[in-house]
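Analysis of the macromolecular model
Below are the chains, spelled out letter by letter.
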Amino acid sequence: MIQEKLGEILAKDGLTPQVALVVACGSAVAGVLWKWVQRRGIQRKMGEARQWRDESLEQMAKAVWKFKQKIPESQSEFILSLPLVELVEKLRDESLSPERVLYTYIKRALQVTQDVNCVTDFIRGCEEQLLEVKKQKEKGLLFGVPVSIKDHIGCKGHISTCGFVQCLDQVEKDDSVIVKVLKKQGAIPFVKTNIPQSMINYDCSNLIFGPTVNPLNHKKSPGGSSGGEGALIAGGGSILGFGTDVAGSVRLPSSFCGICGLKPTASRLSVVGLASPIAGMKSVSATVGPMARDVDSLALCMKALLCDELFCLDPSVPPVPFREEIYTSSKPLRIGYYEDDGYFQPSPSMKRAVRETKNLLQEAGHTLIPFVPPRLNYVIDELFTRGLFSDGAANLLDKFKGDLVDPNMKSQFNCYSLPIFLKRILAFILKPVYPRIARDLNALCGVGTAKHLWHHHVAVEKYRREFLTEWRKLKLDVILCPALGPAFNEGYPGKLFAATSYTNLYNVLNFPAGIVPVTTVTQADEDELKHYRGHYGDPWDKRLKEAVTNAVGLPVAVQCVALSWQEELCLRFMKEVETVVHVKRARK
């Protein structure tokens, strides 16, 4: 009855649905009914998206089947076992065909996503791109390499959802710059991967595509926000992928999934054509970065991307090619290191990973020097949190209008949604008991005015100079420090956003930072975790302890850091770490 009357009013008077509801039902029930209408609309869109994704996966299966009919034996195990550098060599000398490689990875990606739910879209144009690659007169540095990309990296004809239902109708009209350069270098983007709703979370779940789980342990999170990438690469379904990083979103899934990842300096690679839920935020540096199984893969990728095509398509990127001589240098390094940032006490395996790596590097002839990041509490609360949410999270909350909130995002969403005056009152009440949580609540209020935002930008620059002064006083080349880990139990990342302190420091500083897995969680680590108290003894410390339990056998990584624009040195340091760890394993 109401639906019929609503339809008549809309047709007759041309009113908006909200006003028509008031006319049809009266204001008393219109609000409730409008929410019901919205919810039904959202659920319908989500159903359509899932159906579209299922059809996309079916197309992947059909593509594999067609190729199998054409060439029954595809050498799949051999192809999947090859490191990227060797794969490229075999593609370039034509001992392997791009077809065999592409369809092998399509098949494997399909198997991995059936296990962990990490692929959201099949880039159907990959088969046309395959034909284009074969026509290229000059073979690019990534000739014939299948590449996976994160959901919000623009790809022509596909959607960039950012985990929001409202974005499902927004089809990209062009490739992002990073995708254009990949194609120019002969790479073949073939799938898009899952993310958490809003991407301001380091879990990997949204209401459109559901949760992605860690391929190493399905009870664990793969990390985020580039969690789909981490899971797909760790599961063997991609040899090279791309994520983005504003607080650790490349580095955290790399750490949780036991792969390598690089967060470059902002603007070293182009972000033109990437969707964002916090577009306009400039206080914290966001960037796109590669993820792969080993460091050489990351280096080859950066070498391929830092080319004339990139510099031409995006003039804001400094025209600085990859400096091979720095990456291949064997000069001993002066390495600063710390095991604890003072904000979150590291888990036992995090601390052990740094200590053991430090000892191995010393044995290899490098100089290791203790380093203490200055004023870290101030950096995390005042520079990072207040900077990331300088508008009091207003823009982010706007993105949720007309959307349902994913359960893994609810804890953060509820906190961001509190009125600013209530955040301030709660911060005042909690300060004597839980000072860290109080500082975080206060920082979530944002900066208030444009004048204060300018002051905030000045404070960031002042801190960078302070950090550099300490760095240069010790004559450091690079820094070794913990990476958050091991992989959290499902649901915990959304309740512990502040635990990204180990990674988000380097977004504030805008330094390149990379992840290298170096060890695995032992039973001794698990036993020591029982005595974990944290630095504050507050609910966050208790939650971190719960988050990392039951992780024996899972990978643990370290973080490698260099100064801005020194990606080659950062990668060289990562390679040193990878090498000394491999040498140690070979001795056993």
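Preceding block: the structure.
Residues numbered from 1 in each chain as written. Predicted model: local features only at pLDDT ≥ 70, side-chain atom pairs only at ≥ 80, totals over all residues. Heavy atoms only, no water.

Before going further, it helps to examine the overall build of the protein chain. Scanning the protein chain for helices and strands turns up 24 helices and 13 strands. Against the 2.2 N^0.38 benchmark of 25 Å for 588 residues, the protein chain shows a C-alpha radius of gyration of 24 Å, consistent with a compact globule. Among the 588 residues that make up the protein chain, the fraction classed as buried is 57%. For the protein chain, the share of sequence-separated contacts (at least 6 apart) that also reach a separation of at least 24 residues comes to 81%. When the accessible surface of the protein chain is summed, it comes to about 24100 Å², and 55% of that surface belongs to carbon and sulfur atoms. Both charge centroids of the protein chain, one from 74 positive and one from 63 negative side chains, sit 3 Å from each other. (Helix = DSSP H or I, 4+ residues; strand = E, 2+ residues; numbered from the N terminus. Rg over C-alpha atoms; globule rule 2.2 N^0.38 Å. Buried < 20%, exposed > 50% of the residue type's maximum accessible area, 1.4 Å probe, protein only. Contact = heavy atoms within 4.5 Å. Areas by Shrake-Rupley, 256 points an atom, 1.4 Å probe, with all protein chains shown as cover. Lys, Arg positive; Asp, Glu negative; His and termini not counted. Charge placed at Lys NZ, Arg CZ, Asp CG, Glu CD.)

Here Phe-242 is to be found in strand β6 (residues 240-245). Residue classification places Phe-242 among the buried residues on the basis of a relative accessible area of 0%. Once the C-alpha coordinates of Phe-242 and Trp-540 are considered, the two residues, 298 residues apart in sequence, prove to be 31 Å apart. In this view, Phe-242 contacts Val-147, Ser-148, Ile-149, Lys-150, Ile-153, Leu-182, Glu-229, Val-288, Gly-289, Pro-290, Cys-301 and Leu-305; residues no more than four positions away in its chain are not counted.

All right, on to the side chain of Ser-349 then. When you line up the elements, Ser-349 lands in helix α14 (residues 348-363). What Ser-349 contacts, discounting residues up to four positions off in sequence, is Gly-485, Pro-486, Val-521, Asp-525 and Val-556.

Right, let's get into the side chain of Gln-185. For Gln-185, the position within the fold is in the loop between α8 (177-184) and β3 (188-193). Each residue touching Gln-185, except ones within four places of it in the same chain, is listed here: Gly-140, Leu-141, Leu-142, Phe-143, Ala-304 and Cys-307.

Further remarks concern the pattern of salt bridges. Under the criterion given, the structure shown has 31 salt bridges. The salt bridge partner of Asp-169 is Lys-45, with a shortest N-O separation of 2.8 Å. In this pair, Asp-169 sits in the loop between β2 (146-150) and α8 while Lys-45 sits in helix α3 (residues 27-70), placing the two residues 124 residues apart along the sequence. A salt bridge links Arg-464 to Glu-461; the shortest N-O distance between them is 2.5 Å. With a gap of three residues between them, Arg-464 and Glu-461 both fall in helix α20 (residues 450-473), about one helical turn apart. Judged by its relative accessible area of 17%, Arg-464 is buried. (Salt bridge = Lys/Arg side-chain N within 4 Å of Asp/Glu carboxyl O.)

The next thing to look at is helix α11 (residues 295-305). Burial of α11 is extensive: nine of the eleven residues sit out of reach of the surface. Where α11 is concerned, the buried positions are Val-295, Ser-297, Leu-298, Ala-299, Leu-300, Cys-301, Met-302, Ala-304 and Leu-305. Between a side-chain oxygen at the N-terminus of α11 and the backbone nitrogen of Asp-296 the separation is 3.4 Å; the capping residue is Asp-294. (Polar contact = N/O pair within 3.5 Å; in protein donor to acceptor, adjacent residues only side chain to side chain.)

Our next topic: the pairing of strand β10 (residues 367-370). Two faces, one strand: in a regular strand the side chains alternate between the faces of the sheet. The pairing of strand β9 (residues 334-337) with β10 spans four bridges and is classified as parallel. Considered in β10, the bridge of Gly-336 is made with Ile-369. At this point the chain moves from β9, through α14, to the parallel β10, and the crossover so formed is right-handed. (Pairing = 2+ DSSP bridges. Right-handed = clockwise from strand over helix to strand, strands pointing away.)

This paragraph deals with the nonpolar core. Phe-242, Tyr-416, Phe-467, Ile-479, Phe-488, Tyr-506 and Leu-571 are the most contacted members of the largest nonpolar core, which has 166 residues in total. Considering each element in turn, this core owes the most residues, nine residues, to helix α6 (residues 98-116). In this view, Tyr-416 contacts Ile-200, Phe-389, Gly-392, Ala-393, Leu-396, Leu-397, Met-409, Lys-423, Leu-444 and Phe-497; residues no more than four positions away in its chain are not counted. With nine residues, the next largest nonpolar core counts Met-46, Ile-159, Val-165 and Leu-404 among its residues. (Core = buried A, V, L, I, M, F, W, Y, C linked by side-chain atoms within 4.5 Å.)

Attention shifts here to the environment of Ile-369. Mapped onto the fold, Ile-369 is located in strand β10. The spacing of Ile-369 and Leu-110 is 259 residues in sequence and 46 Å in space, taken between C-alpha atoms. Not counting residues within four places of it along the chain, the set of residues in contact with Ile-369 comprises Arg-334, Ile-335, Gly-336, Tyr-337, Leu-474 and Leu-476.

Our focus in this paragraph is a nonpolar patch on the surface. On the surface, a nonpolar cluster with roughly 480 Å² of combined accessible area is contributed by Phe-421, Ile-425, Phe-428 and Ile-429. Assignment of secondary structure puts Phe-428 in helix α18 (residues 420-430). (Patch = residues over 30% accessible without salt bridge, like charges linked within 9 Å, V, L, I, M, F, W, Y side chains within 5 Å.)

As a further point, take the state of the cysteines. For the structure shown, the criterion picks out zero disulfides. Summary of cysteine pairing: Cys-126 is not part of a disulfide, and the nearest cysteine sulfur, belonging to Cys-155, is at 9.6 Å. We note that Cys-312 lacks a disulfide partner, and the nearest cysteine sulfur, in Cys-307, lies 10.0 Å from it. (Disulfide = S-S within 2.5 Å.)

Take the sheet that holds strand β7 (residues 260-263) next. Here we have eleven strands laid out as an open sheet, ordered β1-β3-β2-β6-β8-β7-β12-β13-β11-β9-β10, and mixed in their pairing. Every interior strand has two partners, whereas the edge strands, β1 (119-122) and β10, have only one. On average, each strand axis in the sheet is tilted by 30 degrees relative to the strand beside it, whichever way the strands run. As paired elements, β7 and strand β12 (residues 513-520) share three bridges and run antiparallel to each other. When the bridges of β12 are listed, Leu-262 appears paired with Gly-514. Sheet strands touched by helix α24 (residues 567-587): β7, β9, β11 (478-482), β12 and β13 (555-561). Its angle to β12, the strand with the most contacts, is close to 10 degrees. (Axes fitted to C-alpha atoms, helices over the stretch in contact; angles between N-to-C directions.)

No statement about biological role is implied by the geometric values presented.
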